[in-house]
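Listed below are the residues making up each chain.
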Amino acid sequence: MDTFSNLIGGEWTEGPGITENINPSNTNDVIGRYAQGDAAQANAAIAAAKAAAPSWARTNVMVRHNILKAAAAEIFARAKELGDLLAREEGKTLAEGIGEAGRAGQIFDFFAGECLRLAGEKVPSIRPGVEIEITREPMGVVGMITPWNFPIAIPAWKIAPALCYGNTIVIKPAELVPGCAWALADILKRAGLPDGVLNLVMGKGSVVGEAILSSPDVDAVTFTGSVATGKHVAMKCAEHMRKVQLEMGGKNPLVILDDADLDIAVDCAVNGAFFSTGQRCTASSRLIVTEGIHDRFVEATIAKLQSLSVDDARKDGTHIGPVVDAKQLDTDMNYIEIGRGEDGARLAWGGERLNRATPGFYLQPALFTETSNDMRINREEIFGPVATVLRVKDYDEALAVANDTRFGLSSGICTTSLKYASHFKRNAEAGMVMVNLPTAGVDPHVPFGGRKGSSYGPREQGRYAAEFYTTVKTAYQLA
Ligand SMILES: NC(=O)C1=CN([C@@H]2O[C@H](COP(=O)(O)OP(=O)(O)OC[C@H]3O[C@@H](n4cnc5c(N)ncnc54)[C@H](OP(=O)(O)O)[C@@H]3O)[C@@H](O)[C@H]2O)C=CC1
Ligand SMILES: O=C(O)CCC(=O)C(=O)O
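Model, not experiment: these values are computed from the prediction.

Peer 1: Looking at this model, I keep getting lost on the domain arrangement of the chain. Mind explaining?
Peer 2: Where the parts come together, the accessible area they lose is often given as the size of the interface. Partitioning the chain into domains gives domain 1 (3-248 + 454-478) and domain 2 (253-435). On a C-alpha basis, the centroid separation for the pair domain 1 and domain 2 is 31 Å. Contact residues are listed per partner, giving 20 residues for domain 1 and 24 residues for domain 2. Mapped onto the side of domain 1 that touches domain 2, the elements with two or more residues apiece are strand S5 (26-36), helix H3 (79-90) and helix H4 (94-115). Sorting elements by how many residues they give to the side of domain 1 that touches domain 2 places H3 first, with four residues.

Written out as structure tokens, the structure reads:
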């Protein structure tokens, strides 16, 4: 079986420990043995990133462009293989895995172009004979802590802009999915990235992640994951007065009005709530449905769910793969019990563990009806294939319920009314709003992020990524 090392200062370096990467569709399948780093390795990686930072910041933008472009080309060429690895280690379906690998390619492609569009401003001064230049400079060493649910796209959308804007990197991927991050590090190394510019330290958050957060030599930290860990990351960054960017949970509403096209509404709900096994921070976990369409919507959604196959992520015909691991499956089952029990909701479909040909973490998607917005299943992020239906009187009540949450990542509406669609776009308290589209599934070249408890700090992706990965300098000169 293959063993995969950490990348520190350009050298593939064995870890003091090893983690086995297990396939959630078949727990007998060990994908590979991956290094498990410790604090000493994290600190060596930070030192390497610090040493490489001045030279990478000065590297010709065409060189940076060429490296990112070459990485994009290899990712596109290997999208099927990388998508297969992703499906095998995370449990997304093969189609979703290949789609996510393609998305990583698009992100590298986009930021390759951005390397050649870096620009500053020249501004007239109010003082005679004085010139002002406003420029952006790299932050320096960026620490990256990434989650398991988008094993290639999230590392890509942090690494690509960081490199484009001249930063060096220490990345710690989630322990459950080291394979895709290792593949990206390997691709970038072979694309010609100088030693020390990208350092990969696989290992535990409590060890490697903590070392990144505790180092005075890390200039900025970008994190995606749970709210609890995100708060901890923010506190540690505050201690160092360090720039931080957090992308955390969601409890995303999808409003369905009486005048919605029923087929579109059901497609949006099923895709948004259950595809990728519901393990998306943008998942449509609350379906807010007006009275006139409620019963038809619930009936059609259940019919659609009945037609979906939950099985091995890499098997032909699978629509929904397994839950990522035993711990997340326990969380999901626990919330299903809370929904049925203390919350008093009606489990209208699914919610039971499934056995398949191989031992895996299979769960029939669960749909709760007769729920109210104060129930725990409507207030807490579950992060699994569990969605609720909230029956409301009209649009005004739907909007109020949609906004009644501590989260604010993505928000959607299905309607044929221009009036309601426009009003919703203006009044939804979310960073992203979707009309007649699922709340999950975003483009790679535009800002991604939310409000309230979902996000903290500047947006990710697209040109807005510059706000996090650069610092602004205003220079005055007597001409
Ligand atoms: N918004 C989103 O995109 C995501 C949200 N979640 C939510 O989080 C819940 C739990 O998932 P989980 O993976 O445990 O999320 P975590 O927030 O614990 O993990 C995210 C990343 O942070 C790391 N980490 C954990 N503890 C620390 C620490 N003390 N210091 C630094 N880094 C740390 C993890 O490392 P390690 O690999 O060791 O766990 C992982 O790389 C899910 O049920 C879901 O609700 C999860 C993933 C993505
Ligand atoms: O919905 C998407 O496309 C992205 C979701 C995401 O980034 C996440 O779940 O962490």
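Peer 1: Just to check I follow, could you spell out the site of ligand 1 for this structure?
Peer 2: For ligand 1, the set of nearby residues contains 27 residues, the closest of which are Gly205, Gly209, Gly225, Ser226 and Cys281. Listed by contribution, the elements that provide at least two residues to the shell around ligand 1 are helix H7 (205-214), helix H8 (227-239) and helix H11 (326-340). Take the shell around ligand 1: its biggest share by element is five residues, from H7. For the shell around ligand 1, a count of residues per class yields eight nonpolar, 13 polar and six charged.

Peer 1: Hey, could you run me through the UniProt feature "active site" (unreviewed entry) in the chain in this one?
Peer 2: As annotated by UniProt and renumbered to match this structure, "active site" (unreviewed entry) occupies Glu247. Here Glu247 is to be found in strand S12 (residues 243-247). With 27 C-beta atoms counted inside 10 Å, the residue Glu247 sits in the buried group. Apart from residues lying up to four places away in sequence, Glu247 is in contact with Thr224, Cys281, Gly449, Ser455 and Glu460.

Peer 1: I tried to follow helix H5 (residues 153-164) on my own but got confused; where do I start?
Peer 2: An α-helix turns once every 3.6 residues. As a result, residues three or four positions apart point the same way. With twelve residues, H5 extends 16 Å from end C-alpha to end C-alpha; this agrees with the ideal 16 Å at 1.5 Å per step. Counting buried positions along H5 gives twelve out of twelve residues, so the element sits mostly inside the fold. Within H5, the full set of buried residues consists of Ala153, Ile154, Pro155, Ala156, Trp157, Lys158, Ile159, Ala160, Pro161, Ala162, Leu163 and Cys164. Just downstream of H5, Gly166 is the residue with a positive phi angle, here 90 degrees.

Peer 1: Quick question: what am I supposed to make of the site of ligand 2 here?
Peer 2: Every residue lining ligand 2 is accounted for by Asn149, Phe150, Thr224, Arg280, Cys281, Thr282, Ala440, Gly441 and Val442. Of the residues assigned to the shell around ligand 2, the class counts are four nonpolar, four polar and one charged. Composition of the shell around ligand 2 by domain shows at least three residues from each of domain 1 (3-248 + 454-478) and domain 2 (253-435).

Peer 1: I would appreciate a short explanation of the pairing of S5 in the present structure.
Peer 2: In regular strands, side chains alternate between the two faces of the sheet. Taken together, the two bridges between strand S1 (residues 3-4) and S5 define a ladder with parallel strand orientation. For Phe4, the partnering residue across the bridge sits in S5 and is Tyr34. Of the strand pairs in this sheet, strand S4 (residues 17-23) and S5 are connected by seven bridges, and their pairing is antiparallel. The partner of Asn21 across the bridge, within S5, is Gly32. The loop that links S4 with its antiparallel partner S5 comprises two residues.

The rules behind these values
- Residues numbered from 1 in each chain as written.
- Chains lettered and ligands numbered in written order.
- Predicted model: local features only at pLDDT ≥ 70, side-chain atom pairs only at ≥ 80, totals over all residues.
- Domains from an automatic or database assignment.
- Contact = placed C-beta atoms within 7 Å.
- Helix = DSSP H or I, 4+ residues; strand = E, 2+ residues; numbered from the N terminus.
- Near = placed C-beta within 6 Å.
- Nonpolar A, V, L, I, M, F, W, Y, C, P; charged D, E, K, R; others polar.
- UniProt positions renumbered as here; feature names shortened; annotations may be inferred.
- Buried ≥ 20, exposed ≤ 12 C-beta atoms within 10 Å, placed from the backbone.
- Expected span 1.5 Å × (residues − 1).
- Pairing = 2+ DSSP bridges.

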